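Results of the structural survey
Listed below are the residues making up each chain.
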Amino acid sequence: MKVSYRYFLLLTVLISSLSVKAQNSTPSNDGKSNYQAESGWMSDFLMGPYLFIEHIPYDAVMLYGTRLGKRQSPNVSYVLEYVIGQQEDEKNTLGLTHHVSVHAIYYLKAPSSTFRPYAYAGGGFLEFKSFSQDEYNMAYYGGIGFEISMQEKLHSFIEPRYLNIAPFSFDAQNEIGVFWGLRLLY
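Residues numbered from 1 in each chain as written. Predicted model: local features only at pLDDT ≥ 70, side-chain atom pairs only at ≥ 80, totals over all residues. Heavy atoms only, no water.

As for the nonpolar core
The biggest cluster of nonpolar side chains holds 22 residues, and the ones touching the most others in it are Tyr-50 and Ile-105. Elements with a minimum of two residues in this core: strand E1 (41-51), strand E2 (60-71), strand E3 (76-88), strand E4 (94-107), strand E5 (115-129), strand E6 (135-151), strand E7 (154-166) and strand E8 (173-185). (Core = buried A, V, L, I, M, F, W, Y, C linked by side-chain atoms within 4.5 Å. Buried < 20%, exposed > 50% of the residue type's maximum accessible area, 1.4 Å probe, protein only. Helix = DSSP H or I, 4+ residues; strand = E, 2+ residues; numbered from the N terminus.)

Some points on the pairing of E3
Side chains Ser-77, Val-79, Glu-81, Val-83, Gly-85 and Gln-87 of E3 all project onto a buried face; the interleaved residues Val-76, Tyr-78, Leu-80, Tyr-82, Ile-84, Gln-86 and Glu-88 project onto a face where none is buried. The sheet contact formed by E2 and E3 spans 9 bridges and is antiparallel. The residue bridging Leu-68 from the neighbouring strand is Leu-80, located in E3. Counting the residues in the hairpin turn of E2 and E3 gives 4 residues. Relative to E4, E3 runs antiparallel, the two being bridged by 13 bridges. Across the sheet, residue Val-79 finds its bridge partner in E4, namely His-103. Linking E3 back to E4 in an antiparallel pair, the connection comprises 5 residues, with Asn-92 at a positive phi of about 60°. (Pairing = 2+ DSSP bridges.)

Concerning the packing of aromatic side chains
All chains considered together, the criterion is met by 6 aromatic pairs. Judged by centre distance (5.5 Å) and plane angle (45°), the ring pair of Tyr-50 and Phe-179 falls under tilted. Of the two residues, Tyr-50 sits in strand E1 while Phe-179 sits in strand E8, which places them 129 residues apart along the sequence. Each member of the pair, Tyr-50 as well as Phe-179, carries the same accessibility label: buried. Members of the aromatic cluster, each reached through a chain of ring pairs, are Tyr-107, Tyr-118, Tyr-120 and Tyr-141. Between Arg-161 and the ring centre of Tyr-141, over which it is positioned, the NZ or CZ distance is 3.9 Å. Taking NZ or CZ as reference, Arg-183 lies 4.5 Å from the ring centre of Phe-157, over its face. (Phe/Tyr/Trp six-rings, centres within 6.5 Å; stacked < 30°, edge-to-face > 60°. Lys NZ or Arg CZ within 6 Å of the ring centre and 35° of its normal.)

Function cannot be read off these values alone, since they describe shape.
Now the structure itself:
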């Protein structure tokens, strides 16, 4: 894998230091929610690897993307996600990976919490394009995430996920992935 782990380490340190700063500088709000936003919309900027553990012509791909989401209630959100990455396969052929999906989020703690764990599940279209052989797949996934409130409308998150990738069939491959990033509330 050609992705430098320095980027992962740098982003982890940045998110951790911002969250510690936010915890230390945020005054007590006497039980008021720190998850206040007027419209209920949110957008995420994310990155992270899909680590392919079963046989695919490459081991991992670093993905970058964005999400648009809507909070239905303080504990439930729905999200549209698009991520893209570039890597080489075993024959050194350069290609792109696109993943477009929809998922639901269920928060396990109250909105007033600075640290909010959540569970999520979803699925969508996954394409490996311009390799030695193009592949079109469906990917279904689920996992847990952790959201850290840094400011009223700015949160960081990390999400490990289990993926089930199938070429439009139920003969699937089991994979894992991890995303991290920033969440803006509107």
